[in-house]
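Listed below, chain by chain, are the residues.
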Amino acid sequence: KDKIKLLRDGEEVPFEYNAITGKMTASINSFDDMKMHRITVTAEDDSGNIGKASADINTGLSAVSSFADTSSHFSNGYANFLYSQDIVSGSTVGSMRYFYPDRQLTRQEFAKIICNFLAVDVTAYSDVQMPYSDEASISEWALPYVRAMYAKGIIRGKDLGSGKLSFDPSGIVTRAELVTIVGRTQQKGYPSISLSFLDSKEIPDYALPYAQTLTAQQVLAGYDDNTFRPKKA
């Protein structure tokens, strides 16, 4: 039992476990708040291999949206979930809040999202010195998040040659960069698989192991034509 965790929206939930039958039993608070919730079970073996399964519980998502522009978008439930978890906040225009689901995401925006996802106290990294040659172009609001992500080794920057690094704050996050950054937030031990995408050879070496494990976990999938498109925004 001590190798198993049951989580609701990332928070651990107590449960009973029958080791003979393998059955878990738990009482989960009712889902009456018109939001999406995620129930996750993880189990680790003695070698450190981790298995994970999740189920999304949708409650009235078609009727309620946190944003003015997502009610008919495929991302609506996920956007609402991330908003309820204080991971994304959107943009307020007048009295309306917008998610802009089809807008491209910048690297400094993603640094803030990942910090929020990890619940990082960015003030603990205020004295971190960064090696980026373009640090002056990082927006003031983004600097605390970029410092924290650099210090934790989750976002490392781009090699410009001659030992110089660039953060490229306004650069668009590619799918290869995204899987790498998300993959670095995970502990070791999750499964990995060989990729069958038609363009798997185009995935950069730095991103490949993360693409393999996130695909195995069903965190991400390719496009309908079985391509990954690692350079796509």
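Residues numbered from 1 in each chain as written. Predicted model: local features only at pLDDT ≥ 70, side-chain atom pairs only at ≥ 80, totals over all residues. Heavy atoms only, no water.

Caption draft 1: A look at the nonpolar core. Formed by 20 residues in total, the largest nonpolar core has its most connected members in Ala111, Cys115, Ile138, Val146, Met149, Ile155 and Phe167. Elements with a contribution of two residues or more to this core: α2 (107-118) and α3 (143-151). At 5 residues, α3 tops the list of elements feeding residues into this core. In this view, Met149 contacts Ala111, Ile114, Cys115, Leu118, Val120, Ile154 and Ile155; residues no more than four positions away in its chain are not counted. (Core = buried A, V, L, I, M, F, W, Y, C linked by side-chain atoms within 4.5 Å. Buried < 20%, exposed > 50% of the residue type's maximum accessible area, 1.4 Å probe, protein only. Helix = DSSP H or I, 4+ residues; strand = E, 2+ residues; numbered from the N terminus. Contact = heavy atoms within 4.5 Å.)

Caption draft 2: Geometry of the side chain of Asp9. Tracing the backbone shows Asp9 in the loop between β1 (4-8) and β2 (11-12). Not counting the four nearest positions on each side in its chain, Asp9 is found in contact with His37, Arg38, Phe81 and Gln85.

Caption draft 3: Structural detail: the packing of aromatic side chains. Summed over all chains, the structure comprises 6 aromatic pairs. Consider the rings of Phe197 and Phe228, whose centres lie 5.4 Å apart with planes at 40 degrees: the pair is tilted. Here the residue Phe197 occupies a position in the loop between α4 (175-184) and α5 (208-216), and Phe228 occupies one in the segment after α5, the gap between them amounting to 31 residues. Residues Phe197 and Phe228 agree in their burial class; the two are buried. In this structure an aromatic cluster arises from ring pairing among Phe67, Tyr83 and Phe99. Taking the ring centre of Tyr190 as reference, the NZ or CZ of Lys52 above it sits at 4.9 Å. (Phe/Tyr/Trp six-rings, centres within 6.5 Å; stacked < 30°, edge-to-face > 60°. Lys NZ or Arg CZ within 6 Å of the ring centre and 35° of its normal.)

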